[in-house]
Amino acid sequence: MTDNYIYNEYLTIIYINNIDVCLLSNETSKKIRIPKLLYDEIIKSSNNVNPLFEYINPKTLILLLENNVFIPSKYKNIYKHGLLNTNVAIKGLGASLSTLKFESYRKWSIIGINTYSNNDLGHSLTQPGTNIIRKCLKLYENAKESKYLIDTNRKKTFQSKDVLPFDLGDLLINNHYETIEDLDSKISFIMKRLKKFKNTPIFIAGGHDISFYLIKNITSVSNQKINIIHFDAHTDKYNNDTQISRGNFMNHVLQLEHVQEVQHIGIREFESSNELYSFENIITSYDLHNNNISISFNSNELPVYITFDADIFDPIYAKEVNYPVIGGANFYDILRIFENICDEYSVIGADFVECFENDQKYNYTASLISNFITLLLNEGKTIYE
C-alpha cells in the first residue's frame, strides 16, 4: 500500500475493557470488535499504522480498512465528522464507498443530502425529505437480485439485478464545525470514488444551492463537457452575488467550464429582466401543457446532468416544496420529458431537491419524485454504457 494510513480517531467507541474493544463505523453502521492488545498497538501507532499491517490477520485487516478504522492520512478531514451515514431506510442494495465494487450491470447509486450550503431556508418545512423519498421508492423495497420488478405504469418487467441501485446512505455534514469548503471536498471525494467504479449518482433532497457543488465536482472529476436539464418553476438566476444560494445557483453553474448548454424546463410566474445566454433555452410550464415538447441540444451526443426542483409541479399536486407557484406541471407533463431523456440521452448524474417532510400521513411531492427516480433507475442510460 502506497498511502500512509492512520487510525480514524473519530469512530465511536461502544465499549472498552481488558479483553476487547468495540468500535462503531459511521459509514457502514457496523460494530467492529478487536482485541484490546491490538487496539493498544493501533493507538500507539495512530499516526502511521502501516507497519502493523504485516502482523494483522489479512481478514481482520480487510475488515478494518472497509469500515474506515484505518484511513489514508490525506483523507483525515474527509472522515473527521463522518462521510456517509448508512443508518437509514436503505433502498435497493446497501453499500459504502469502502465496499463499493465495479459491477457492469449496476450503474446507479443513491445518496441523500440532509443539509444546505446556507441557512436562508425561508419556510417552515425545514426537514429535507431524504427519508420520505426513500419511503416512496417502493419498487426497490426488500428487493432481491433474483427477482423481477414490474412497472405497471408502462407495462414493463425488469430483472432486479439489472436495475437495483446501490444506496450509500446520507451525506454527513456537521453544521457547527464544517464549512462549505468541507462539503465541497466531501462531494469531490464521493464523485471520484463513484467514477472509479463507473457508478452514476442520484442525489435526493437538500436545497437547490447544493446542486452547484454537485455539478461542479461531477464535471471536474469526469473532465467532460455536459449539457444540463434544469426542471424548476424558477430560473434561479436572480442575482450575481458571490455567495451561492438557491436563488442564484444557476448563474454560477453557467460559468462552469464544462457546461455547454442548459434547458430550463417548467419556468413560470414573473421575473425581472434576466437575459439568457446563447446556450440557454426556456421551456415554460405553458409549453409543457400546450405543446408536444421534446428536448434537443446543438450537441445531442453529450451526456446530460438532471437537476430537478420539486416546485416544477403545480402545488395542487405537490405542496411540500420551498416556493410553490401556481400553474405548474402535472405528472404526465414530466413523464413525457423523462421518457424522452431515457430514450435519447446518457445521464452523468442527477439530483432531486427541495422536497420536504411534513406532518401529514402522505407526502405527494415525494411520491411524484420517486416515480421519476424509478423511471431513471429502470430505463435511464448512463454515460458508462
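These remarks concern the structure in this document. Note that the structure is a prediction, hence the values are computed from the model and not measured. (Residues numbered from 1 in each chain as written. Predicted model: local features only at pLDDT ≥ 70, side-chain atom pairs only at ≥ 80, totals over all residues. Heavy atoms only, no water.)

Comments concerning the overall build of the protein chain
No. 1: Secondary structure assignment for the protein chain yields eleven helices and 18 strands.
No. 2: The C-alpha atoms of the protein chain give a radius of gyration of 22 Å, which matches the 21 Å a tight globule of 385 residues would have.
No. 3: On the principal axes, the C-alpha backbone points of the protein chain span a range of 70 × 50 × 45 Å.
No. 4: Within the protein chain, buried positions represent 57% of all 385 residues.
No. 5: Within the protein chain, contacts between residues separated by at least 24 positions form 74% of all contacts whose residues are at least 6 apart in sequence.
No. 6: Roughly 17800 Å² of accessible area belongs to the protein chain as shown, and the carbon and sulfur atoms make up 48% of that amount.
No. 7: Taken as two groups, the 37 positive and 46 negative side-chain charges of the protein chain have centres that lie 10 Å from each other. (Helix = DSSP H or I, 4+ residues; strand = E, 2+ residues; numbered from the N terminus. Rg over C-alpha atoms; globule rule 2.2 N^0.38 Å. Buried < 20%, exposed > 50% of the residue type's maximum accessible area, 1.4 Å probe, protein only. Contact = heavy atoms within 4.5 Å. Areas by Shrake-Rupley, 256 points an atom, 1.4 Å probe, with all protein chains shown as cover. Lys, Arg positive; Asp, Glu negative; His and termini not counted. Charge placed at Lys NZ, Arg CZ, Asp CG, Glu CD.)

So, the sheet that holds strand S4 (residues 31-35)
Sheets are built from strands paired through backbone hydrogen bonds, the pairs being either parallel or antiparallel.
No. 1: The strand order S2-S3-S4 describes an open sheet built from three strands, whose pairing is antiparallel. In this open sheet, the two edge strands, each paired with only one partner strand, are strand S2 (12-16) and S4. Across the sheet, the mean angle from the axis of one strand to that of its neighbour is 25°, orientation sign disregarded.
No. 2: Pairing geometry for S2 and strand S3 (residues 20-24), over four bridges, is antiparallel. Its bridge partner being in S3, isoleucine 16 is matched across the sheet by valine 21.
No. 3: Relative to the sheet, helix H1 (residues 36-44) contacts S2, S3 and S4, its axis offset from that of S4 by approximately 95°. (Pairing = 2+ DSSP bridges. Axes fitted to C-alpha atoms, helices over the stretch in contact; angles between N-to-C directions.)

What about helix H11 (residues 364-379)?
Because the α-helix completes a turn every 3.6 residues, residues three or four places apart line up on one side.
No. 1: Counted at 1.5 Å a residue, the expected span for H11 with its 16 residues is 22 Å, and the 23 Å between its end C-alpha atoms agrees.
No. 2: Among the 16 residues that make up H11, 14 are buried, leaving the element largely enclosed by the rest of the structure. (Expected span 1.5 Å × (residues − 1).)

Notes on the environment of threonine 382
No. 1: Its place among the elements puts threonine 382 in strand S18 (residues 381-382).
No. 2: Take threonine 382: its relative accessible area is 1%, and that puts it in the buried class.
No. 3: In this structure, the C-alpha to C-alpha distance between threonine 382 and serine 346, residues 36 residues apart in sequence, is 4.7 Å.
No. 4: When sequence neighbours within four positions are dropped, the list of residues in contact with threonine 382 reads Lys107, Trp108, Thr200, Ser346 and Val347.

Side note on the side chain of lysine 36
No. 1: Note that lysine 36 resides in helix H1.
No. 2: For lysine 36, a relative accessible area of 19% gives the class buried.

Things to note about the packing of helix H10 (residues 331-344) against H11
No. 1: The N-to-C vectors of H10 and H11 enclose an angle of 20°; their axes lie 10 Å apart at closest approach. In terms of orientation, H10 and H11 fall into the roughly parallel class. For the crossing formed where H10 meets H11, the hand is right-handed. Where H10 abuts H11, its residues Phe331, Ile334, Leu335, Phe338, Glu339 and Cys342 lie against Leu368, Asn371, Phe372, Leu375, Leu376 and Glu379.
No. 2: When its residues are assigned to classes, the contact of H10 with H11 shows nine nonpolar, one polar and two charged. (Parallel < 35°, antiparallel > 145°, perpendicular 65-115°, else oblique. Left-handed = near helix turned anticlockwise from the far one by under 90°. Nonpolar A, V, L, I, M, F, W, Y, C, P; charged D, E, K, R; others polar.)

So, the nonpolar core
No. 1: Phe231, Phe308, Ile334, Phe338, Phe352 and Leu376 are the most contacted members of the largest nonpolar core, which totals 95 residues.
No. 2: It is H11 that provides the largest number of residues to this core, a total of eight residues.
No. 3: Those residues in contact with phenylalanine 338, other than ones at most four positions away along the chain, are Phe231, Ile306, Phe308, Phe352, Phe372, Leu375 and Leu376.
No. 4: Leu11, Val21, Ile56 and Leu65 belong to the second largest nonpolar core, which has 19 residues in total. (Core = buried A, V, L, I, M, F, W, Y, C linked by side-chain atoms within 4.5 Å.)

Looking at the pattern of salt bridges
No. 1: Under the defined criterion, the tally for this structure stands at 15 salt bridges.
No. 2: One salt bridge connects lysine 76 with glutamate 9, and the closest N-O pair in it is separated by 3.7 Å. Pair noted here: lysine 76 is in helix H3 (residues 76-79) and glutamate 9 is in the loop between strand S1 (5-7) and S2, with a separation of 67 residues, a long-range link.
No. 3: Note on lysine 76: relative accessible area 31%, which makes it partly exposed. (Salt bridge = Lys/Arg side-chain N within 4 Å of Asp/Glu carboxyl O.)

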